[in-house]
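A closer look at the structure
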Amino acid sequence: MKVEVKIDPDLSRPHVIIRAPAATPEVLALAERLRREETSAPFTAFRENEAVLIPLGDILRFYADGKGVSCQTEKGTFAVRQRLYELEEEFAGTRFVRVSNSEIVNLDRVTALDLSLTGTIRMTLAGGAAVAFASRRYVKKIKEAVGL
Amino acid sequence: MNEMKRAWLVRILAGGLCGMAGLFLLGGLFNGARFQGAWEIVAVSPQMAERMGLPLAAVLQFGLYFLFGAGLGVATLPFADEGEQLALRSALHFLYMAAVSSALVLLTGWALDAAMWLVELLLLVLLYVMIWLGRWIAWCGELDAIREKLGLAPAPSPLRWRESLPHIGFAALLCLAVPAALSVTLFYGMDDPTRGMITIITPLTAIAACVPGISLGRRHGFCPLYPLACGGFYLLSLFGLYFVDRYRDPTVPFLVCATVVLAAALAGNLCGGLLHQRGRKKEAAA
């Protein structure tokens with residue numbers, strides 16, 4: 001396997017492209033390892049003023065509820081010290097996407113998408129552990145994040 | 001003045017002026033057909049001119065043309081929202097358009113009686129349902145594409161019936177409800193409504209049926225149920241006209257018309273299907 005590193009000062013985060021003649025199991029496993037590497041990076045959240053390290057891949061969504069910002073996992077909800085716009089900037093270019101004024105969702109944990117008659121998208125996360133509602137104003141961002 | 005207000009103002013002015021120009025021709029032709037019995041431009045409704053004098057009638061008629069065009073100019077803005085805002089703004093826009101078009105058809109005498117006015121209102125309702133359904137179909141397509149990228153896409157259904165379903169609903173409106181309502185509205189009381197239906201409504205319906213066919217094909221490939229639904233629904237709308245017109249031998253021209261609509265929808269769907277196939281090949285090559 002040939003490994004090449006190119007430095008691009010315009011990028012805000014590392015961007016890995018795998019070039020291969022075919023999608024062999026080895027290539028897919030390599031891609032999965034890299035993806036896991038990113039999602040296993042820890043994120044600091046708080047429960048009763050105690051810091052908790054949560055792997056990014058475990059986070060379903062960040063949301064603002066009037067009192068502050070929280071992050072939700074399958075195991076529970078934790079307080080977050082950053083504002084939503086700060087999280088949006090921090091996770092720009094990743095699978096964490098702003099879907100409404102009050103929510104950022106982990107697209108890798110979306111298990112179903114449903115459309116209401118008035119255009120709002122209902123996103124089911126982790127098979128129903130959480131539900132988020134995407135506003136049409138943010139659909140463009142979702143499309144960009146999934147490469148459309 | 002903020003950007004939003006400027007956008008509304010530009011659309012109102014541009015739509016109003018276009019409405020005046022467009023309705024001068026269309027409304028003029030309609031005045032000619034309704035009151036003089038010939039397809040020639042009569043700028044001001046003779047009924048209005050007789051009732052309130054030519055200058056006032058002209059000002060009122062062109063004012064209503066402006067208001068109608070302005071309403072059309074801003075028609076997409078209420079639908080740009082979502083949720084409750086979309087429902088509220090589109091309902092307000094509908095009430096405005098219903099009020100302006102009612103004033104227009106009642107004052108000019110284009111509506112011969114209350115029943116015909118109600119049919120015109122029904123036509124407006126159909127237009128709104130079509131716009132809404134058109135947007136909803138676009139949203140469905142968008143969501144399908146996102147699902148696919150997230151690995152959530154379901155397998156295509158037999159004959160792609162599930163994928164075609166929103167478009168078949170659209171075809172029911174476009175090829176059945178709208179032609180039927182248009183035929184009653186435009187040709188009621190005229191000598192040969194069937195001829196009008198065949199020469200005016202059929203080509204318009206064919207063009208209108210072709211465009212969603214392209215979008216459906218591009219999204220899902222060849223979907224045979226959509227063109228069949230267009231042809232079938234249009235045939236039904238034509239036979240509805242037969243009962244009004246008592247046309248002596250309608251079968252042959254009606255079948256030809258339905259085939260034209262079916263062929264246009266099929267051509268659109270096949271073109272879209274080819275684009276879909278090309279896109280997939282490109283994706284595979286990349």
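Residues numbered from 1 in each chain as written. Chains lettered and ligands numbered in written order. Predicted model: local features only at pLDDT ≥ 70, side-chain atom pairs only at ≥ 80, totals over all residues. Heavy atoms only, no water.

Brief notes about the overall build of chain B
- Each helix and strand counted, chain B has 9 helices and 0 strands in total.
- What you see in chain B, going N to C, is helices and strands ordered as α-α-α-α-α-α-α-α-α.
- Taken over 286 residues, chain B has a buried fraction of 42%.
- Of the contacts made within chain B by residues no fewer than 6 positions apart, 71% connect residues no fewer than 24 positions apart.
- As displayed, chain B offers around 14,900 Å² of accessible surface, 70% of which is attributable to carbon and sulfur atoms. (Helix = DSSP H or I, 4+ residues; strand = E, 2+ residues; numbered from the N terminus. Buried < 20%, exposed > 50% of the residue type's maximum accessible area, 1.4 Å probe, protein only. Contact = heavy atoms within 4.5 Å. Areas by Shrake-Rupley, 256 points an atom, 1.4 Å probe, with all protein chains shown as cover.)

Examining the overall build of chain A
- Helix and strand counts for chain A come out as 3 helices and 10 strands.
- What you see in chain A, going N to C, is helices and strands ordered as α-β-β-β-β-β-α-β-β-β-β-β-α.
- Referenced to the eigenvectors of the C-alpha coordinate spread, the extents of chain A come out at roughly 50 × 45 × 30 Å.
- Out of the 148 residues in chain A, the part that is buried amounts to 36%.
- Carbon and sulfur atoms make up 52% of the accessible area of chain A, which amounts to about 9,500 Å² in all.
- Counting 22 positive and 20 negative side-chain charges, chain A places the averaged centre of each group 4 Å from the other. (Lys, Arg positive; Asp, Glu negative; His and termini not counted. Charge placed at Lys NZ, Arg CZ, Asp CG, Glu CD.)

Some words on the domain arrangement of chain B
All names here are of chain B.
- When cut into domains, chain B gives domain 1 (1-110) and domain 2 (112-286).
- The interface is formed by 18 residues belonging to domain 1 together with 16 residues belonging to domain 2.
- Between domain 1 and domain 2, a total of about 1,500 Å² is buried, with carbon and sulfur atoms accounting for 73% of that surface.
- Together, R34, F79 and F94 form the three largest contributors to the area buried by domain 1 at its contact with domain 2, with a combined 40%. (Domains from an automatic or database assignment. Buried area = accessible area lost by both parts, 1.4 Å probe.)

Side note on the packing of aromatic side chains
Residues and elements named next belong to chain A.
- Taken as a whole and judged by the stated rule, the model has 10 aromatic pairs over all chains.
- Note on F62 and F91: the rings are 5.7 Å apart at their centroids and 25 degrees apart in plane angle, and the pair reads as stacked. Within this pair, whereas F62 is found in strand 3 (residues 59-64), its partner F91 is found in the loop between helix 2 (84-90) and strand 6 (96-100), the two being separated by 29 residues in sequence. Here F62 and F91 have matching classes, each one buried.
- Taken together, the ring pairs in this structure connect F43, F62, F91 and F96 into an aromatic cluster.
- Here the guanidinium or amino end of R61 rests over the ring plane of Y63, the centre of that ring lying 4.1 Å away. (Phe/Tyr/Trp six-rings, centres within 6.5 Å; stacked < 30°, edge-to-face > 60°. Lys NZ or Arg CZ within 6 Å of the ring centre and 35° of its normal.)

Here we look at the interface of chain A and chain B
- Of the residues lining the interface, 24 residues belong to chain A; the matching set on chain B comes to 16 residues.
- Taken over both partners, the interface formed by chain A and chain B buries close to 1,800 Å², and the fraction arising from carbon and sulfur atoms is 65%.
- Sorting the residues of chain A by area buried against chain B places L113(A), L115(A) and R136(A) first, and these three jointly supply 33% of that buried surface.
- If you look at where chain A meets chain B, you find 2 salt bridges.
- With its nearest N and O atoms 2.3 Å apart, the salt bridge here joins E142(B) to R136(A).
- On inspection of chain A and its partner chain B, the count reaches 4 residue pairs in polar contact (both at pLDDT 80 or more).
- Of all the secondary structure elements, the ones that give two or more residues to the side of chain A that touches chain B are strand 8 (110-115) and helix 3 (139-146) of chain A.
- A total of 6 residues in the side of chain A that touches chain B trace back to one element, the largest contributor, which is strand 8 of chain A.
- Residue composition of the side of chain A that touches chain B, grouped by class: 12 nonpolar, 7 polar and 5 charged. (Salt bridge = Lys/Arg side-chain N within 4 Å of Asp/Glu carboxyl O. Polar contact = N/O pair within 3.5 Å; in protein donor to acceptor, adjacent residues only side chain to side chain. Nonpolar A, V, L, I, M, F, W, Y, C, P; charged D, E, K, R; others polar.)

Describing the pattern of salt bridges
Residues and elements named next belong to chain A.
- Applying the stated criterion across every chain yields a total of 8 salt bridges over all chains.
- Where R61 meets E103, a salt bridge forms, and the shortest distance between an N and an O atom there is 2.4 Å. Taken together, the positions of R61 in strand 3 and E103 in strand 7 (residues 103-106) put the pair 42 residues apart, joining distant regions of the chain.
- One salt-bridge network, in which partners are shared between bridges, spans E88, R98 and K141.

With respect to unusual backbone geometry
All names here are of chain A.
- Even without being a glycine, E48 presents a positive backbone phi close to 50 degrees.
- Mapping E48 onto the fold places it in the loop between strand 1 (42-47) and strand 2 (50-55).
- Of the residues examined, E48 reaches a relative accessible area of 79% and is grouped as exposed.
- Backbone geometry at N49 places phi at a positive 65 degrees, although glycine is not the residue there.
- Assignment of secondary structure puts N49 in the loop between strand 1 and strand 2.
- In this structure N49 comes out as exposed when scored by relative accessible area, which is 69%.

Brief notes about the sheet that holds strand 10 (residues 130-134) of chain A
- Within the open sheet, the 3 strands sit side by side as 8-9-10 (chain A). Their pairing is antiparallel. Strands with a single pairing partner mark the edges of an open sheet, and in this sheet they are strand 8 and strand 10 of chain A. Each strand of the sheet is rotated relative to its neighbour by a mean of 20 degrees, with strand direction disregarded.
- Sheet topology places strand 9 (residues 121-125) of chain A next to strand 10 of chain A; 5 bridges connect them, and they run antiparallel. Opposite M123(A), over in strand 10 of chain A, you have A132(A) as the bridge partner.
- Helix 5 (residues 114-149) of chain B contacts strand 8 and strand 9 of chain A of the sheet and is inclined by roughly 175 degrees relative to strand 8 of chain A. (Pairing = 2+ DSSP bridges. Axes fitted to C-alpha atoms, helices over the stretch in contact; angles between N-to-C directions.)

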